[in-house]
2 protein chains.
Amino acid sequence: MPDARTQVMRAAPPGAPVVGVVGAGQLARMLCEAASALDIGVVVLAERADDAAAPVAPGLVVGSPSDPAAMRALAGMVDVVTFDHEQVDLGILAELAAEGAVVRPGLETLQMAVDKSVMRARLAAAGLPVPPYESLHPAVSSDPAAATAAIASFADRHGWPVVVKAARGGYDGKGVWPVPDVDATRRLCETTARAGTPLLVEAFVPIEAELAVVVARRPGGDVVAWPPVETAQVDGVCREVLFPGRLDPAVAGRAAALGRAVAEVAGSVGVLAVELFLAGGALLVNEVAARPHNSAHWTIEGSITSQFENHLRGVLDLPLGSTAPAAAEVASVNVFGAPPEVPPSGGPRGPDATLPRALAVEGAHVHLYGKTPRPGRKLGHVTVCGSDAGEVRARAWAAARALGTPLPASLDVELAR
Amino acid sequence: MPDARTQVMRAAPPGAPVVGVVGAGQLARMLCEAASALDIGVVVLAERADDAAAPVAPGLVVGSPSDPAAMRALAGMVDVVTFDHEQVDLGILAELAAEGAVVRPGLETLQMAVDKSVMRARLAAAGLPVPPYESLHPAVSSDPAAATAAIASFADRHGWPVVVKAARGGYDGKGVWPVPDVDATRRLCETTARAGTPLLVEAFVPIEAELAVVVARRPGGDVVAWPPVETAQVDGVCREVLFPGRLDPAVAGRAAALGRAVAEVAGSVGVLAVELFLAGGALLVNEVAARPHNSAHWTIEGSITSQFENHLRGVLDLPLGSTAPAAAEVASVNVFGAPPEVPPSGGPRGPDATLPRALAVEGAHVHLYGKTPRPGRKLGHVTVCGSDAGEVRARAWAAARALGTPLPASLDVELAR
């Protein structure tokens, strides 16, 4: 019996292969852009009819990914189901798969992507480097005193501060809590226990650099990887991605191999993003996302094949495209809504009103996701390709700032053009 | 009173600027792909609900461009009206403009694009080089004997053969008739007079090469141009586009200047394509199209800014993007439906069934327009960028052939990889 809130608004045209995307944010939107060129149909499952991908998707179902009827409606309209985000119910997906739906990436991969404890355990078991960590038993996570004791015991062995994480549901810095001592831990655990948040605790890693490696795989195991990039996060949110960045080539080579190894362990299909820490000269796996990822938006212009096209190719079991770079230096900077006290100079309408100033920046590839501006909301990104690292970065920031993006004080961006 | 056949299927979301496109073919489809990235809304006016751009356009009106109600419905939903093709009624457009609609390119430019006699007359008056030609008076075009006499008189001065053209309605080689003598002329004129086709006649030009220059302009007159390309037509239909091609750099420089001069005379806004003949070392303007054009599909991957993005920027009066090439050598080959006696080896379904073989070609950017395959129908194109002219051309043809495109015997394509 379909949920009354689920509405099939339109189907993709018949004939071509059709990919169903759970979620209709900017990743789904950019998948639609890539799909159009290859005549691949897309049906998105949007929570709201004004989600980013809704206007440009050939097919549209409005409903919740936690509603089995909505998920079943989507699966019934497409050749393969894939994902814009990890806020999915694996039980529903298992039911759909049992009913014959093709779900890519598959359940095993998604388990790793939705649950950091599963991810850490599988990578550690495979001998891949992760920060020292401990997953708290659910019975411990739900008891503030027991959780505090477990975390304090971990800190006794690894030192304060430690980083407490929600095993599920975190993204963009949400669900990640550095804690300096037992008191702060106790206060945090009272909140997380009340919310029923499953926890893990990790040693604090003194980070020298953050890297990302994005890998695309086909069901048969064919694999390609884009070259590693340097990323900069502020408060856990990605602000810029630099190819090749300031990475030592030897480190980049080890990062690429590690990314492929993680994808192999995950058994991924389509795109898988691996976020890495460089600490004390060693690489550690921080996060894994089994979908297109912010750290590879630069591939739209900066590589022969974009992550979005290769995600579609991968989940449809088509030959994967070249991941070679198309330029020597690429910078991609995220566009955020300005805080109210810093209105964009072009007026109150957000990126649209300031678009002319951004487009006037030489070589700026502007991507806006069609989202209503709010302070701190990710609204788009700007990519610049070229031959000079400082210049592409300065231009990308100039365009992002023209669109209202605040410049974080912690990034040493050279703004002169 | 709206025509009963006109149906507003959906509107573009509010907030962003919205471009209305008359026509919903592959040009409109590729405009939609570029518009999504910039959060520019698009509403297409499609003759049929399964036209190429219909599934990917945020807004969709189904109706005829010759129906004032359909055109008015489109104009009422958008900030600016632009075009996918020239099969438009200038009278309706003049009415819409008088009612306040913003139509770009404007009526003056469109007159040139829809009527070769107007185009030739304006360019000749501006001192720009065109083949020797004569426009037949409508009273002459409609009288087979008078038309034959006028054409024979022209041939007395310029020699046989001559090229007779329909002043309006021709495209892709349709409406272009080389005639060797008076008898053939008489037979042709009986047909064209019956059809009411307005005619012009041109001297036959012994072509050494065909070139195209594509120019983008803003309403204020700001102008950018992509570098000239070499094109190859077979039976009047474009089969491949090569940047920079085998053009002498001095010729390319003169072609670029001529393209800009034509755009200036046309007073164009958005993209304008100028097709040129190289004959006896001289450049002559062959055709002018006031819209994105097949000869610049290579700009999607081969240039910093694609023709589709700059068309949108131009008609919205936004700063134009860089037209610098992104690779040293670019080849773009059109994909056509195979004749029934040469079925594509992948099976009977057309490009979709043969897509895997095309995607397996290194560096092949495949674009399919979502059109039902028919022999000789243009279904897509493939672009390859690189550093070796022979290699990019061979790869583009390899992918196009994998998709079922017959290789014309007249093109000396080196197929070895």
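Check the entry above for the structure.
Described below are features of the structure shown in this document. What you see is a predicted model; the values in this text were computed from it and never measured.

1. With respect to the environment of Met30(A)
1) Next: Mapped onto the elements of the fold, Met30(A) is located in helix α1 (residues 26-37).
2) Next: Once residues within four sequence positions are removed from consideration, Met30(A) is found in contact with His297(A), Ile300(A), Phe308(A), Tyr369(A) and His381(A).

2. Digging into the nonpolar core
1) Next: Of all hydrophobic cores here, the largest spans 55 residues; its most connected members are Val366(A), Val382(A), Leu403(A), Val19(B) and Val44(B).
2) Next: Once you skip the residues sitting within four places of it in the chain, Val382(A) turns out to touch Ala331(A), Ser332(A), Val333(A), Val335(A), Ala364(A), His365(A), Val366(A), Ala396(A), Ala399(A), Ala400(A) and Leu403(A).
3) Next: Counting 54 residues, the second largest nonpolar core, distinct from the first, contains Leu38(A), Ala53(A), Ala232(B) and Leu242(B).

3. A few points about helix α7 (residues 144-158) of chain A
In an α-helix, one full turn covers 3.6 residues, which means residues spaced three or four apart are oriented alike.
Residue and element names in this part refer to chain A.
1) Next: For α7, spanning 15 residues, the distance from its first C-alpha to its last is 21 Å, which sits close to the expected 21 Å at 1.5 Å a residue.
2) Next: Among all positions in α7, only Ala147, Thr148, Ala150, Ile151, Ala152, Phe154 and Ala155 are buried.
3) Next: Here the buried face of α7 lies against β6 (133-135), α6 (138-141), β7 (162-166), α8 (182-195) and β9 (199-203).
4) Next: Immediately downstream of α7, the backbone of glycine 159 shows phi near 90°, a positive value.

4. A look at the side chain of Glu86(A)
All names here are of chain A.
1) Next: Relative to the helices and strands, glutamate 86 is located in the loop between β5 (80-83) and α3 (90-98).
2) Next: Residue classification places glutamate 86 among the buried residues on the basis of a relative accessible area of 15%.
3) Next: In terms of polar contacts, glutamate 86 uses its side chain to reach the side chain of arginine 291, at 2.8 Å.
4) Next: When residues no more than four places from it in sequence are discounted, the contact partners of glutamate 86 are Ala113, Val114, Ala289, Ala290 and Arg291.

5. Things to note about helix α5 (residues 116-125) of chain B
All names here are of chain B.
1) Next: Here α5 has its buried residues at Lys116, Ser117, Met119, Arg120 and Leu123. Seen end-on, α5 carries its buried residues on one side only, within an arc spanning 160°.
2) Next: The secondary structure elements touched by the buried residues of α5 are α4 (107-114), β6 (133-135), β7 (162-166), β9 (199-203), α9 (249-266) and β15 (282-289).
3) Next: The N-capping residue of α5, defined by a side-chain oxygen 2.8 Å from the backbone nitrogen of serine 117, is aspartate 115.
4) Next: Immediately downstream of α5, the backbone of glycine 127 shows phi near 80°, a positive value.

6. Concerning the packing of aromatic side chains
Residue and element names in this part refer to chain A.
1) Next: Taken as a whole and assessed by the stated rule, the structure comprises two aromatic pairs over all chains.
2) Next: When the centroid spacing of 4.8 Å and the interplanar angle of 5° are considered together, the rings of phenylalanine 243 and tryptophan 298 count as stacked. Taken as a pair, phenylalanine 243 in strand β13 (residues 237-243) and tryptophan 298 in the loop between β15 (282-289) and α10 (299-302) lie far apart in primary sequence, 55 residues in all. Across this residue pair, the class does not change: phenylalanine 243 and tryptophan 298 are buried.

7. Looking at the pairing of β13(A)
Residues and elements named next belong to chain A.
1) Next: Counting buried residues in β13 gives seven out of seven residues, a clear majority hidden from the surface.
2) Next: Sheet topology note: the strand β12 (residues 229-234)/β13 ladder contains five bridges and is antiparallel. Counted as the bridge partner of glutamine 233 is cysteine 238 from β13.
3) Next: In this antiparallel pair of consecutive strands, β12 and β13, the connection spans two residues, and aspartate 235 shows a positive phi of 55°.

8. Topic: the sheet that holds strand β4 (residues 59-62) of chain A
All names here are of chain A.
1) Next: The five strands lie next to each other as β1-β4-β3-β2-β5, forming an open sheet whose pairing is mixed. The open sheet has two edge strands, β1 (7-10) and β5, and neither has a second partner. Strand-to-strand twist across the sheet, computed as the mean angle between neighbouring axes with direction ignored, equals 25°.
2) Next: Pairing analysis gives three bridges linking β1 to β4, with the strands arranged antiparallel. Looking across to β4, one finds that arginine 10 is bridged to leucine 60.

9. Section: the side chain of His311(B)
Residue and element names in this part refer to chain B.
1) Next: Residue position: histidine 311 is located in helix α11 (residues 307-315).
2) Next: One polar contact links the side chain of histidine 311 to the main-chain amide nitrogen of valine 271, over a distance of 2.8 Å.
3) Next: Here histidine 311 is in contact with Leu31, Thr82, Val269, Gly270, Val271, Arg291 and Pro292, once residues within four sequence places are set aside.

Quick notes on the rules
Residues numbered from 1 in each chain as written. Chains lettered and ligands numbered in written order. Predicted model: local features only at pLDDT ≥ 70, side-chain atom pairs only at ≥ 80, totals over all residues. Heavy atoms only, no water. Helix = DSSP H or I, 4+ residues; strand = E, 2+ residues; numbered from the N terminus. Contact = heavy atoms within 4.5 Å. Core = buried A, V, L, I, M, F, W, Y, C linked by side-chain atoms within 4.5 Å. Buried < 20%, exposed > 50% of the residue type's maximum accessible area, 1.4 Å probe, protein only. Expected span 1.5 Å × (residues − 1). Polar contact = N/O pair within 3.5 Å; in protein donor to acceptor, adjacent residues only side chain to side chain. Arc of directions from axis to C-beta. Phe/Tyr/Trp six-rings, centres within 6.5 Å; stacked < 30°, edge-to-face > 60°. Pairing = 2+ DSSP bridges. Axes fitted to C-alpha atoms, helices over the stretch in contact; angles between N-to-C directions.

The quantities given are spatial measurements derived from coordinates; they are silent on function.
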